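Next come the chains, spelled out residue by residue.
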Amino acid sequence: MKKLTIIFRRAPHGSPHGREALDLALLSASFEQEVSLIFADEGVLNLVKTQQPELVGAKDFIATFGALPLYDIDTILACEASLQEYGLANAELTIAPSIVAPSTIREQLASADEVLVF
């Protein structure tokens, strides 16, 4: 089984990157790949639950993060420094990622067979 790690580094609604990363994660997991997600930099904004993307003409894909357990995507990491930079607390997040230090993220990346950055 291939270990795939997908990194969300961009804000969710300025480009299609967030939706494409989530689609790839779900598709890969459905083909029995071991998928891990990392949210860092602006990518942590994908986790905010009180978004209204339709106000800027974007589609709401954030609720789809709730389907991750159905696809056995269990390793979901959020960079602690990035969350602090954006002033985000656990209560503001749509899912409950493991909040980790950059060293843990480096370990995750080292164990992956393939890393894709969105």
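Residues numbered from 1 in each chain as written. Predicted model: local features only at pLDDT ≥ 70, side-chain atom pairs only at ≥ 80, totals over all residues. Heavy atoms only, no water.

Test applied: UniProt positions are given in the numbering used here, feature names are shortened, and annotations may be inferred rather than shown by experiment.
Where an unreviewed UniProt entry is consulted, the protein chain appears under the name Sulfur relay protein TusC/DsrF, with the organism given as Shewanella woodyi. The protein chain has a UniProt comment under Sequence similarities (unreviewed entry) that states "Belongs to the DsrF/TusC family."

### Looking at the environment of Ser103
In plain terms, the rule: Segments assigned H or I by DSSP are reported as helices when at least four residues long, segments assigned E as strands when at least two residues long, and all are numbered from the N terminus.
Here Ser103 lies in helix H3 (residues 102-111). Between the C-alpha atoms of Ser103 and Cys79, which are 24 residues apart in sequence, the distance is 9.8 Å.

### A few points about the packing of aromatic side chains
Rule in force here: A pair of aromatic rings is counted whenever rings of Phe, Tyr or Trp (Trp by its six-membered ring) have centres within 6.5 Å, and the orientation is called stacked for planes under 30 degrees apart, edge-to-face for over 60 and tilted otherwise. The cut-offs for exposure are 20% and 50% of the maximum accessible area for each residue type, with area from a 1.4 Å probe on protein chains only; residues under the lower value are buried, those over the upper are exposed, and the others partly exposed.
Tallied over the entire structure, the rule returns four aromatic pairs. Residues Phe8 and Phe39 carry aromatic rings whose centres are separated by 4.5 Å and whose planes lie at 20° to one another, so their mutual orientation is stacked. One end of the pair, Phe8, is in strand S1 (residues 3-8); the other, Phe39, is in strand S2 (residues 34-39), with 31 residues separating them in the sequence. Among the residues examined, Phe8 registers a relative accessible area of 1% and is labelled buried. Residue classification places Phe39 among the buried residues on the basis of a relative accessible area of 0%.

### Remarks on the pattern of salt bridges
Oppositely charged side chains are able to pair whenever their charged atoms sit close together. Applied cut-off: Throughout this description, the term salt bridge denotes a Lys or Arg side-chain nitrogen within 4 Å of a carboxyl oxygen of Asp or Glu.
Under the criterion given, the structure shown has three salt bridges. Close ionic contact of Lys2 with Glu114 constitutes a salt bridge, the shortest N to O distance being 2.7 Å. Note that Lys2 is positioned in the segment before S1 and Glu114 in strand S5 (residues 114-117), a separation of 112 residues in sequence. Between Asp41 and Arg9 there is a salt bridge whose closest N-O contact spans 2.5 Å. Of the two residues, Asp41 sits in the loop between S2 and strand S3 (75-79) while Arg9 sits in the loop between S1 and helix H1 (17-30), which places them 32 residues apart along the sequence.

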